[in-house]
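Listed here are the chains, written in short residue letters.
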Amino acid sequence: SLLRQLSRDNFALLGAEGGLWTGAGRLAVPDPTSGRFVPVMQLSWRWQAAYLLRGQLRWQLTPEGKPPAALAIGFHGPLIEKLDLGVPARYALERIPNAFGRAGWHGDLLLTVQDWRCDWRGTCSGEAGLKWLGAASDLFPQRRFGDYAFHAHAQQGLTRFELTTLAGEIQLQATGKIAPTGQIEVEGHIVGDPAFVGRLPNIAGRLVTPDGAPGQLRFAFRQ
C-alpha cells in the first residue's frame, strides 16, 4: 500500500514477504484495460544500517536478474543510485490519455538511473535513461519501428532531455525540457516510409503535423 501511494498507483508489490527492513515481492504495474496489477519482476530489498552514520535511511534493491541498486532518504532528501529496471512497453504507454496510448504498443522499456537526487522541495539533479527496444504496434502488425533511447539530465530542478534512434526504419529525433514549475516542452521530427508515416496523425492527433516532404513529420508538445 505504501508503494502504491508513493507511486500514485503506478506500481504495487504482490506476494510481499518479510517487512520494511528486509523482504521480497513481485513488482507489479496496472493493466490499463482491467485495472488489475500484473507482476513484471521479482524484487528484494535489504536495509543498510551502516548508512545511519551518514544520516541516511538506505536500502539495497535487487531486481530479478539485475545488479543491486540503492534507495535512500537523508537529511537533504531522497536519492536513487544505479537503478536498472525493465517493464513491457504497453503497461507504461497505455497510461497516456489519448489515442496514442491505445495503439497496442509492444517492446520493452529499460530504465536506468545512475544517480538521481532531490531535495524536500522536489528540486532534482541527476542522470537517467530510458530505452524502448523492439517498438511495435497492433495497428501495424507487419512493421517493427525500431529501438530508441531517451536521456535526461537534471540540474537544480531544470530537466533537459533528448530522444534518439538507435536502429530501425522510423527515425525519431527530439529535444525538450521540464521546468521547475512542471511546464513541459518537447519538439522533434519523424522520418520514414511515407505510406506509414503519413498515417501517424490519425493516431497521435494534434501532436504531429506534416513537415515538408512526404514521410516527414514534426511533433511538438507544450503543457
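Now for a look at the structure at hand. (Residues numbered from 1 in each chain as written. Predicted model: local features only at pLDDT ≥ 70, side-chain atom pairs only at ≥ 80, totals over all residues. Heavy atoms only, no water.)

### Quick look at the overall build of the chain
Link 1 in the chain: Each helix and strand in the chain was counted, giving 4 helices and 14 strands.
Link 2 in the chain: Seen through its principal axes, the chain has C-alpha atoms that stretch 60 × 35 × 25 Å.
Link 3 in the chain: Surface exposure of the chain reaches about 13,300 Å², of which carbon and sulfur atoms provide 57%.
Link 4 in the chain: Charge separation in the chain, taken as the distance between the mean sites of 23 positive and 19 negative side-chain charges, equals 4 Å. (Helix = DSSP H or I, 4+ residues; strand = E, 2+ residues; numbered from the N terminus. Areas by Shrake-Rupley, 256 points an atom, 1.4 Å probe, with all protein chains shown as cover. Lys, Arg positive; Asp, Glu negative; His and termini not counted. Charge placed at Lys NZ, Arg CZ, Asp CG, Glu CD.)

### Things to note about the nonpolar core
Link 1 in the chain: Trp-132, Phe-145, Ile-170, Ile-190, Phe-196 and Val-197 are the most contacted members of the largest nonpolar core, which totals 24 residues.
Link 2 in the chain: Those elements that provide at least two residues to this core are α2 (89-93), β7 (105-118), β8 (124-137), β9 (144-155), β11 (171-178), β12 (184-191), α3 (194-197) and β14 (216-222).
Link 3 in the chain: The element contributing the most residues to this core is β9, with 3 residues.
Link 4 in the chain: Ranked by size, the runner-up nonpolar core spans 11 residues in total, among them Leu-27, Ala-69, Leu-85 and Ala-128. (Core = buried A, V, L, I, M, F, W, Y, C linked by side-chain atoms within 4.5 Å. Buried < 20%, exposed > 50% of the residue type's maximum accessible area, 1.4 Å probe, protein only.)

### A look at the pattern of salt bridges
Link 1 in the chain: The tally for this structure, following the rule as stated, stands at 9 salt bridges.
Link 2 in the chain: Close ionic contact of Asp-84 with Lys-66 constitutes a salt bridge, the shortest N to O distance being 3.9 Å. Of this pair, Asp-84 sits in strand β6 (residues 77-88) while Lys-66 sits in the loop between β4 (56-63) and β5 (69-74), and the two are 18 residues apart along the sequence.
Link 3 in the chain: When salt bridges that share partners are traced, they join Arg-58, Glu-81, Asp-115 and Arg-117 into one network. (Salt bridge = Lys/Arg side-chain N within 4 Å of Asp/Glu carboxyl O.)

### Overview of the state of the cysteines
Link 1 in the chain: Inspection of the entire model under this criterion finds 1 disulfide.
Link 2 in the chain: Between Cys-118 and Cys-124 runs a disulfide, and the two sulfur atoms are separated by 1.9 Å. With the S-S dihedral at roughly 100 degrees, the linkage between Cys-118 and Cys-124 falls on the right-handed side.
Link 3 in the chain: A relative accessible area of 16% means that Cys-118 is categorised as buried. (Disulfide = S-S within 2.5 Å.)

### Side note on the side chain of Asp-119
Link 1 in the chain: Looking at where Asp-119 falls in the secondary structure, it is placed in the loop between β7 and β8.
Link 2 in the chain: Not counting residues within four places of it along the chain, the set of residues in contact with Asp-119 comprises His-76, Gly-77 and Pro-78. (Contact = heavy atoms within 4.5 Å.)

### Focus: the side chain of Arg-58
Link 1 in the chain: Looking at where Arg-58 falls in the secondary structure, it is placed in strand β4.
Link 2 in the chain: Of the polar contacts made by the side chain of Arg-58, one reaches the side chain of Glu-81; its length is 2.8 Å.
Link 3 in the chain: Filtering out sequence-adjacent residues up to four positions away, Arg-58 remains in contact with Arg-46, Trp-47, Gln-48, Tyr-51, Ala-70, Leu-71, Ala-72, Leu-79 and Glu-81. (Polar contact = N/O pair within 3.5 Å; in protein donor to acceptor, adjacent residues only side chain to side chain.)

### A short note on unusual backbone geometry
Link 1 in the chain: For Lys-82, which is not a glycine, the phi torsion comes out positive at approximately 55 degrees.
Link 2 in the chain: With respect to the element layout, Lys-82 can be found in strand β6.
Link 3 in the chain: Unlike most non-glycine residues, Gln-156 shows phi in positive territory, near 55 degrees.
Link 4 in the chain: Its place among the elements puts Gln-156 in the loop between β9 and β10 (158-168).

### Quick notes on the packing of aromatic side chains
Link 1 in the chain: All told, the structure shown has 5 aromatic pairs when counted by the stated rule.
Link 2 in the chain: Ring plane angle 80 degrees and centroid distance 5.4 Å describe the contact between Trp-105 and Trp-132, whose orientation is recorded as edge-to-face. One end of the pair, Trp-105, is in strand β7; the other, Trp-132, is in strand β8, with 27 residues separating them in the sequence. The same class applies to Trp-105 and to Trp-132, which are both buried.
Link 3 in the chain: With a centroid separation of 5.8 Å and an interplanar angle of 65 degrees, the aromatic rings of Trp-105 and Phe-145 are classed as edge-to-face. In this pair, Trp-105 sits in strand β7 while Phe-145 sits in strand β9, placing the two residues 40 residues apart along the sequence. Accessibility assignment for this pair places Trp-105 and Phe-145 in one class, buried.
Link 4 in the chain: Grouped by ring-pair contacts, the aromatic residues Trp-21, Trp-47 and Trp-59 constitute a single cluster. (Phe/Tyr/Trp six-rings, centres within 6.5 Å; stacked < 30°, edge-to-face > 60°.)

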